[in-house]
Amino acid sequence: MTVKRRSKPVSVNPLKIGQSLGGILAMQGCYRAMPVIHGAQGCSAFPKALLTRHFREPIAVQTSALQEMDVIFDANHNLEEALTSVLSKHRPDIIGVIGTELTDVAGVDYQSMLKSYKRERNMRGGLAFSVTLPDFRGSLESGFSVTVEAMVDELIQQAGLRGQRNVNSRQITLLPGSYLTPGDVMELKEIVSSFGFEVIALPDISTSLSGHLLTGFSPLTRGGVPLDSMLQSLQSGLTIAFGASMERPARRLHNALGTPYKVFQGTMGLKASDELLNFLHQISGVPVPIRYCWQRENLLDCMLDAHFQFAGVSALAALEPDHLRSVSEWLDELGVEQKALITSYETPAVAELEREVWVGDLDDAEVLGSGADLWIGSSHGIAGAERIGAAFLAAGFPIWNELGSYMNVSVGYRGAMEWTNKAGNLLMRREADHRESRVRHR
């Protein structure tokens, strides 16, 4: 189906989130990392506030704090000072310089500056890379993917392998998409490792943003994949990417090192889970663990139990492209009418969907999804769901109206069952509220 846009001069209640936030999120999955935003102070304050509100955890980020005159005369002077301060005070293992729309439009060549800085200071034993993520292109998903791709490029250059490596056929590198929660990443790691594989997730937010308690304060990321494990991942016999946006980093590994890769565009529902487990069974030769056989039976029973709640129901989903595709496939399995599918920007993954997809904002979601029974999207959509009388299912980013949303699981049989029960319960509650509102009390 073709991707459509409504003709209007302004975005109302935007769905799109800046790319730089996706870059910061990717860096949070690396141990002792520090993202440095090369832009105005607000370019780091806004993403940090949203991430802190969503994960309820401290978020590591620094900024070069550019002002108008800095951009005119020498923007890289601020970046050099920021890097020197970060290295001397915190000594991070990984530094990611994230360029914003301010430096991109001004034409600041901070990539060359970073290379010179690393050479002059003989920065060895750590990882430092740069990436350009202006907010007028892409969204959170593309920012996350581009950052992981730049990270992979720097790892390959630092290791100096270029096709020569000691392949570990029992080790798999996972490239989880930006829409996956720490709970999702943890579940995927457990599923893959249950077939006898060693698993390295890049990045790994399941051990950094999963709500664990750590004593003391650290200005760097705590948890995530360490640098030595990231370098070890270059020896993996296979890369598995979850989400179409993560195919580019997987392809970089393939082109540079010859590592074969497999992309799973959907991660939710019965069919997607069957495909993943069947693939792991084929490449490992290990039978599917009995617990997943039972989980599959549980999911089928759950779908049967809930079919009365989903019969005749319509839904709208307003999500990032990869997440939208995954949710759409899950709704298909439940027989739910998809009244409107809204995403932040166009990608080949959503263009391949056999449904009408709109690139727009939450105002478009209200107009196109009017009359829908279920609204699936971030907390920014709560008011819109109330206005059209739809039950609201929190998903995507950010979510601030629920505790523990970052540990929700949507992948695998267990995740599909949890989502099916949650959505069914919301629809039951909505129906009960409608009945009660029609009762006349004397």
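Rules used in this analysis
- Residues numbered from 1 in each chain as written.
- Predicted model: local features only at pLDDT ≥ 70, side-chain atom pairs only at ≥ 80, totals over all residues.
- Heavy atoms only, no water.
- UniProt positions renumbered as here; feature names shortened; annotations may be inferred.
- Helix = DSSP H or I, 4+ residues; strand = E, 2+ residues; numbered from the N terminus.
- Rg over C-alpha atoms; globule rule 2.2 N^0.38 Å.
- Areas by Shrake-Rupley, 256 points an atom, 1.4 Å probe, with all protein chains shown as cover.
- Lys, Arg positive; Asp, Glu negative; His and termini not counted.
- Charge placed at Lys NZ, Arg CZ, Asp CG, Glu CD.
- Pairing = 2+ DSSP bridges.
- Axes fitted to C-alpha atoms, helices over the stretch in contact; angles between N-to-C directions.
- Contact = heavy atoms within 4.5 Å.
- Parallel < 35°, antiparallel > 145°, perpendicular 65-115°, else oblique.
- Left-handed = near helix turned anticlockwise from the far one by under 90°.
- Buried < 20%, exposed > 50% of the residue type's maximum accessible area, 1.4 Å probe, protein only.
- Right-handed = clockwise from strand over helix to strand, strands pointing away.
- Salt bridge = Lys/Arg side-chain N within 4 Å of Asp/Glu carboxyl O.

- Per an unreviewed UniProt entry, the protein goes by Nitrogenase iron-molybdenum cofactor biosynthesis protein NifN and derives from Paenibacillus forsythiae.
- According to the UniProt record, the Function (unreviewed entry) comment for the protein is "This protein may play a role in the biosynthesis of the prosthetic group of nitrogenase (FeMo cofactor)."
- Quoted verbatim from the Pathway (unreviewed entry) field of UniProt, the annotation for the protein is "Cofactor biosynthesis; Fe-Mo cofactor biosynthesis."

**Examining the overall build of the protein**
- Counting its regular elements, the protein contains 18 helices and 14 strands.
- A compact globule built from 442 residues should have a C-alpha radius of gyration of about 22 Å, and the protein, at 22 Å, falls within 12% of that.
- Oriented by its inertia axes, the alpha-carbon framework of the protein measures out at about 80 × 55 × 45 Å.
- With an accessible surface of roughly 19200 Å², the protein has 50% of that area assigned to carbon and sulfur atoms.
- When the 41 basic and 49 acidic side-chain charges of the protein are each reduced to a single mean position, those positions are 1 Å apart.

**Describing the sheet that holds strand S6 (residues 168-176)**
- Reading across from one edge, S7-S6-S8-S9 is the order of the 4 strands in this open sheet, with parallel pairing throughout. Single-partner strands in this sheet number two, and they are strand S7 (198-201) and strand S9 (261-264). Neighbour to neighbour, the strand axes of the sheet diverge by 25 degrees on average, direction disregarded.
- Direction of pairing for S6 relative to S7: parallel, over a ladder of 4 bridges. Bridge pairing links glutamine 171 to glutamate 198 in S7.
- Where helix H10 (residues 247-257) meets the sheet, it contacts S6, strand S8 (236-242) and S9, and its direction lies at approximately 175 degrees from that of S9.

**Observations regarding the packing of helix H7 (residues 140-159) against H10**
- Packing of H7 against H10 brings their axes to within 8 Å, and their N-to-C directions diverge by 20 degrees. The angle between H7 and H10 places the two elements in the roughly parallel class. Crossing of H7 against H10: the hand is right-handed. Listed contacts from H10 to Ser145, Val148, Glu149, Val152, Asp153 and Ile156 of H7 are Arg248, Pro249, Arg252, Leu253, Ala256 and Leu257.

**Description of the pairing of strand S2 (residues 33-38)**
- With respect to burial, S2 is a largely interior element, 6 of its 6 residues being buried.
- Residues of S2 alternate between two faces, with Ala33, Pro35 and Ile37 on one and Met34, Val36 and His38 on the opposite face, all of them buried.
- Both S2 and strand S4 (residues 94-99) contribute to a ladder of 6 bridges, which runs parallel. Counted as the bridge partner of methionine 34 is isoleucine 95 from S4.
- Regarding the hand of the β-α-β motif, the stretch spanning S2, helix H2 (residues 42-55) and strand S3 (residues 62-63) is right-handed.

**Comments concerning the sheet that holds S2**
- The 4 strands are arranged S3-S2-S4-S5 in an open sheet whose pairing can be described as parallel. One side of each edge strand has no neighbouring strand; the edge strands of this open sheet are S3 and strand S5 (127-132).
- Where helix H4 (residues 75-89) meets the sheet, it contacts S2, S3 and S4, and its direction lies at approximately 165 degrees from that of S2.

**A look at the pattern of salt bridges**
- The final tally for this structure, using the stated rule, is 25 salt bridges.
- Between glutamate 356 and lysine 4 there is a salt bridge, with the nearest N and O atoms lying 2.7 Å from each other. Within this pair, whereas glutamate 356 is found in the loop between helix H15 (348-351) and strand S12 (357-359), its partner lysine 4 is found in strand S1 (residues 3-4), the two being separated by 352 residues in sequence.
- Overall, glutamate 356 belongs to the partly exposed group, its relative accessible area being 34%.
- A single network of salt bridges, built from pairs that share partners, joins Arg6, Lys8, Asp361, Asp363 and Asp364.

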